[in-house]
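# Reading the structure
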Amino acid sequence: MTKQHPAWSPYDNNGGTCVAIAGADYCVTAADTRMSTGYSILSRDYSKIIKLADKCVMASSGFQADVKALQKLLAARHLIYQHQHNKQMSCPAMGQLLSNTLYYKRFFPYYSFNVLGGLDNEGKGCVYTYDAVGSYERVGYSSQGSGSTLIMPFLDNQLKSPSPLLLPAQDAVTPLSEAEAVDLVKTCFASATERDIYTANKLEIVVLNKDGIHREYMELRKD
Amino acid sequence: MESIQAKQGLVGPNDPIQRTQLPYVTGTSVVALKYKDGILMAADMGGSYGSTIRYKSVERIKPIGKHSLLGASGEISDFQELLRNLDELILYDNMWDDGNSLGPKELHSYLTRVMYNRRNKFDPLWNSLVLGGVKNGQKYLGMVSMIGVNFEDSHVATGFGNHLARPILRDEWHENLSYEDGVKLLEKCMRVLLYRDRSAVNKLQIAKITEEGTTISQPYALKTFWGFTAFQNPTAGAEGSW
């Protein structure tokens, strides 16, 4: 008897790149707005960033249906948290929740590559970076998605993060100002857009600081 | 106790559960766009059985509730199953009798969840769906694929339409298209699909939905032109080919 093998895949890669950079009192999260499938473009104006809590924003790339499902789940869990604890979830708390949610589907994963950006309980910028099954780490900056291989080394060079192995632990957040960090992010995407076909169209930048949340857009190459 | 050897292609009693993995009777592209007063959607009436065009009067666009149109490409039987689900949904919505009714956004969300959950069970509804509608003056147009990928835009297309119609729409669509211009644009897309998609048939319906309601046109055919000189002697430039 011949073995039945699936003729279709439950996964698809809808592309896109996400970046987050933590500063002393702000956090910049950014993602492009192109959604693709194979060599086709489905949408030129699709947001990959979602605000999960007042001080916590998530950018995700990968398989869009899984990303949507993940966003819905986390938003629902946050609502329950608010009902139960009468307060917003902190970014580190959301970070743990996201990791657990991803691992819950360890044997049929959410094909979603996430970065979480926000402010921790002391008001300092915090960035968490994830793989598809929930392994995560707090870092000073990160990128995920189709353009991450192009952006990450550039960020490593520009932000000169101290080794996480040093004792005493050194602060990973960048001393750059908010404007400098936003400018750096724009440079990253302008470069990634040149060589990654899935990163293009528009860049959406979300900045979280003590004054609240601020969104801006930048045009990218559309080809 | 000996297990019965399953014959090739037949399901034996001890075989693992199998599910449909391939579509049988399929519809080809659906193309839709937003225009001044609402949504215009077009689809031909073909139902292909592999490479045969078996059915030529399949209605692939249906009105759902008061505010939406659903167009589907892919497996026709799965589309019909979906319509039964939606019938029940609309029925319960009407039974509330509270003056409220499911709009296109809600239906799009519902369909996305249905498609995604079926994909999670490895038993997908083999369709690409286009959901368009108008409610309270707000126009809405969205798409869901068979694995749950969904988005909304000013113009959408499924299947071959993605490759052939979308570029035309990206170039020529603009806000506040008149009804006539919208229809002309859709017909241009459908004509290209007719020429280049082998599973397209020259019998299509164009559906319109506005705040006032839905109209689905009678089936009609597009005018085509085959008198190009290049078609006259197709191997002129490459003797020996066909």
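Here goes a summary of the coordinates provided. (Residues numbered from 1 in each chain as written. Chains lettered and ligands numbered in written order. Predicted model: local features only at pLDDT ≥ 70, side-chain atom pairs only at ≥ 80, totals over all residues. Heavy atoms only, no water.)

### What about the nonpolar core?
In summary, soluble globular proteins display a tendency toward joint burial of nonpolar side chains. With 60 residues, the main nonpolar core has A:Leu74, A:Met94, A:Leu98, A:Leu116, B:Leu70, B:Leu111 and B:Val130 as its most contacted residues. Not counting chain neighbours up to four residues away, the residues in contact with A:Leu74 comprise A:Leu52, A:Met58, A:Met94, A:Leu97, A:Leu98 and A:Thr101. (Core = buried A, V, L, I, M, F, W, Y, C linked by side-chain atoms within 4.5 Å. Buried < 20%, exposed > 50% of the residue type's maximum accessible area, 1.4 Å probe, protein only. Contact = heavy atoms within 4.5 Å.)

### Some remarks on the sheet that holds strand β12 (residues 204–210) of chain B
Residue and element names in this part refer to chain B. Here we have 5 strands laid out as an open sheet, ordered β11-β2-β3-β12-β13, and antiparallel in their pairing. Edge positions in the sheet fall to β11 (155–157) and β13 (214–216), since each of these pairs with one other strand and no more. Adjacent strand axes in the sheet meet at a mean angle of 10 degrees, parallel and antiparallel pairs treated alike. (Pairing = 2+ DSSP bridges. Helix = DSSP H or I, 4+ residues; strand = E, 2+ residues; numbered from the N terminus. Axes fitted to C-alpha atoms, helices over the stretch in contact; angles between N-to-C directions.)

### Thoughts on the interface of chain B and chain A
Each partner contributes to the interface: chain B provides 26 residues, whereas chain A provides 27 residues. With both chains or domains summed, chain B and chain A bury close to 2,200 Å², and 57% of this area falls on carbon and sulfur atoms. Summed over the shared surface of chain B and chain A, the result is 1 salt bridge. Residues B:Arg119 and A:Asp66 are paired through a salt bridge, measuring 3.3 Å at the closest nitrogen-oxygen approach. Taken together, chain B and chain A are joined by 7 residue pairs in polar contact (both at pLDDT 80 or more). Elements supplying a minimum of two residues to the side of chain B that touches chain A: α2 (104–120), β10 (150–152) and α3 (160–172) of chain B. Of the residues forming the side of chain B that touches chain A, the biggest block, 5 residues, is contributed by α2(B). Classifying every residue of the side of chain B that touches chain A by side-chain character gives 10 nonpolar, 9 polar and 7 charged. (Buried area = accessible area lost by both parts, 1.4 Å probe. Salt bridge = Lys/Arg side-chain N within 4 Å of Asp/Glu carboxyl O. Polar contact = N/O pair within 3.5 Å; in protein donor to acceptor, adjacent residues only side chain to side chain. Nonpolar A, V, L, I, M, F, W, Y, C, P; charged D, E, K, R; others polar.)

### Things to note about the pairing of strand β8 (residues 127–135) of chain B
All names here are of chain B. Taken across its 9 residues, β8 has 9 buried, putting it largely inside the fold. Residues Asn-127, Leu-129, Leu-131, Gly-133 and Lys-135 of β8 are buried on one face, and the alternating residues Ser-128, Val-130, Gly-132 and Val-134, pointing to the opposite face, are buried as well. Relative to β8, strand β7 (residues 68–75) is paired through 7 bridges, and the arrangement is antiparallel. In the strand pairing of β8, Ser-68 is matched with Gly-133. Note: β8 against strand β9 (residues 138–144), 7 bridges, orientation antiparallel.

### So, unusual backbone geometry
The peptide bond linking A:Leu167 to A:Pro168 adopts the cis configuration, its omega dihedral lying at 0 degrees. Here the phi dihedral of B:Phe122 falls at roughly 60 degrees; this positive angle occurs in a residue that is not glycine. Within the secondary structure, B:Phe122 sits in the loop between α2 and β8. Residue classification places B:Phe122 among the partly exposed residues on the basis of a relative accessible area of 36%. Residues other than glycine seldom take positive phi values, yet B:Asn136 does so here, at roughly 50 degrees. Considering the arrangement of structural elements, one finds B:Asn136 in the loop between β8 and β9. Note on B:Asn136: relative accessible area 66%, which makes it exposed.

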